[in-house]
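# Tertiary structure, described
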Amino acid sequence: MGWSCGIVGLPNVGKSTLFNALTATQAAEAANYPFCTIEPNIGRVAVPDRRLEICAGLAGSAKIVPTQLEFVDIAGLARGAAQGQGLGNQFLAHIREVEAILHVVRCFEDENVAHVEGSVDPIRDAEIVETELLLADLESLERRAPLLDKRARGRDDEAKAEAELVGSVLAALREGVPAHRVPLDPERRKALPLFQLLTAKSVLYVANVEEKSAASGNRWSEALSRFALSHGAACVIISAEIEAQLALLDDDERAQYLATLGLEETGLSRVIRAGYRLLDLITFFTVGPKEAHAWTIARGTKAREAAGKVHSDFERGFIRAEAIAYDDFVAHGGEQGAREKGRMRLEGADYVVEDGDILHFRFNV
């Protein structure tokens, strides 16, 4: 699977409508009242990648298996969620389980859709949710800190390192700085996932606009984009209502409808591309006559770890990887042509996988 993304935001901002559209299902109830989503709905979508189809065609693959993106539709947060208001504890727990946060913010006016805060103000709304996540992290670390300090005094080196990390993050949280913006060296940052901090997760803001603003945005989406940039995050403009309509159309109708709106691609495609950039993800392929398969990994992943994405035995018994760059695979008509032209390389366990690599793993267990 590619990555998992939790859709969060205040009630009635369009989260469930967007979820239904992105996953092309009606799994989540979209209704004009708070907390219409109680348990998180989960949907998986295939990540479109033209390269996979081309590789499959050259290899005569009987089956195409794209990598997938998982969306988790989490019920609306509200003021006081960190203290358990509005079923807050339950919803915050769901957020801890995802890799990234898709924060939907209302950037449209509609007198027929109630706003939990009484008016449209995307910056205020974004800050409400961010504050609740920050307060939840603060409470979590303040409970952990005394135990870690006690262990650190007992000459537990691991506990000492963790206590120092928690101290740094706690100080930042108390100043209103989320964990992902705390300056840490790479080694300490790698340890952050141990604490399941909500504010350590990457955030992609979604400005949910009305139909007429889908192509160019509006003043509210512009304000949200500036807010996201100042917080080291990305922002995508989407009209959830348009995405819901697109989900009901076939490919040709969808392309025509997008063209009439001045859009080149669906919101899903924009979300996927922005998410891959935000999380610094890449794709490699395994290609053969039986199937062509896409796999998502973090940039910088080495060959042995990439092999483990395909099967744990591949990682455990890794011998080497046969690698062909995508451009070489296409230019020479597939694997055989690339081999004959000397474009297939034998790479060891420490080889850093490149985006688009076609890999074949040799292993022995």
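Quick note: structure is the one above.
The notes below deal with the structure included here. (Residues numbered from 1 in each chain as written. Predicted model: local features only at pLDDT ≥ 70, side-chain atom pairs only at ≥ 80, totals over all residues. Heavy atoms only, no water.)

### Quick notes on the packing of aromatic side chains
Following the criterion strictly, the structure yields six aromatic pairs and no others. Relative to F227, the ring of Y205 has its centre 5.7 Å away and its plane inclined at 80°; by these criteria the two rings are edge-to-face. Taken together, the residues Y205 in strand β6 (residues 202-208) and F227 in helix α7 (residues 219-230) connect sequence positions 22 residues apart. What makes Y205 buried here is its relative accessible area of 3%. On the basis of relative accessible area, F227 is assigned to the buried category, the value being 7%. Considering the side-chain rings of F284 and F361, the 6.2 Å spacing of their centres and the 90° angle between planes classify their relative orientation as edge-to-face. Of this pair, F284 sits in strand β8 (residues 281-287) while F361 sits in strand β12 (residues 358-363); the two residues are 77 residues apart in sequence, bridging distant segments of the chain. By relative accessible area, which is 0% here, F284 ends up buried. By way of ring pairs, the aromatic residues F284, W295, F314, F318, F361 and F363 are connected into one cluster. A cation over an aromatic ring shows up here: R106 above the ring of F108, its NZ or CZ 4.6 Å from the ring centre. (Phe/Tyr/Trp six-rings, centres within 6.5 Å; stacked < 30°, edge-to-face > 60°. Helix = DSSP H or I, 4+ residues; strand = E, 2+ residues; numbered from the N terminus. Buried < 20%, exposed > 50% of the residue type's maximum accessible area, 1.4 Å probe, protein only. Lys NZ or Arg CZ within 6 Å of the ring centre and 35° of its normal.)

### Side note on a negative patch on the surface
Negative charge collects at one region of the surface, where D110, E111, E211 and E241 lie side by side. Secondary-structure assignment places E111 in the loop between β5 (100-106) and α4 (122-153). (Patch = residues over 30% accessible without salt bridge, like charges linked within 9 Å, V, L, I, M, F, W, Y side chains within 5 Å. Areas by Shrake-Rupley, 256 points an atom, 1.4 Å probe, with all protein chains shown as cover. Salt bridge = Lys/Arg side-chain N within 4 Å of Asp/Glu carboxyl O. Lys, Arg positive; Asp, Glu negative; His and termini not counted. Charge placed at Lys NZ, Arg CZ, Asp CG, Glu CD.)

### A few points about unusual backbone geometry
The phi torsion at N12 lies on the positive side, around 65°, for a residue other than glycine. Structurally, N12 can be placed in the loop between β1 (3-8) and α1 (15-22). A relative accessible area of 15% places N12 in the buried class. If you check the backbone angles, D280 has positive phi at about 55° while not being a glycine. Structurally, D280 is set in the loop between α10 (267-279) and β8.

### Remarks on the sheet that holds strand β4 (residues 68-73)
Read across the open sheet, the six strands follow the order β2-β4-β1-β5-β6-β7; overall the sheet is mixed. A strand with exactly one partner marks an edge of an open sheet, and here the two such strands are β2 (41-46) and β7 (234-238). When the angles between neighbouring strand axes are averaged without regard to direction, this sheet yields 25°. Where β1 lies against β5, four bridges are found, and the strand directions are parallel. Counted as the bridge partner of I7 is L102 from β5. Against the sheet, α4 contacts β1, β5 and β6, and its axis sits at roughly 145° relative to β5. (Pairing = 2+ DSSP bridges. Axes fitted to C-alpha atoms, helices over the stretch in contact; angles between N-to-C directions. Contact = heavy atoms within 4.5 Å.)

### Section: the pattern of salt bridges
According to the stated counting rule, one finds 19 salt bridges in the structure shown. Among the ionic pairs, E347 bridges to R345, the shortest N-O distance being 2.9 Å. Members of the salt-bridge network, linked through shared partners, are E322, E335, R339 and R362.

### A few points about the pairing of strand β9 (residues 291-298)
For β9, the buried fraction is high: six of the eight residues fall into the buried class. Pairing analysis gives three bridges linking strand β3 (residues 63-65) to β9, with the strands arranged parallel. If you follow I64 over to β9, its bridge partner there is A292. Where β8 and β9 come together, seven bridges link them in antiparallel fashion. Paired with T286 across the two strands is H293, which belongs to β9.

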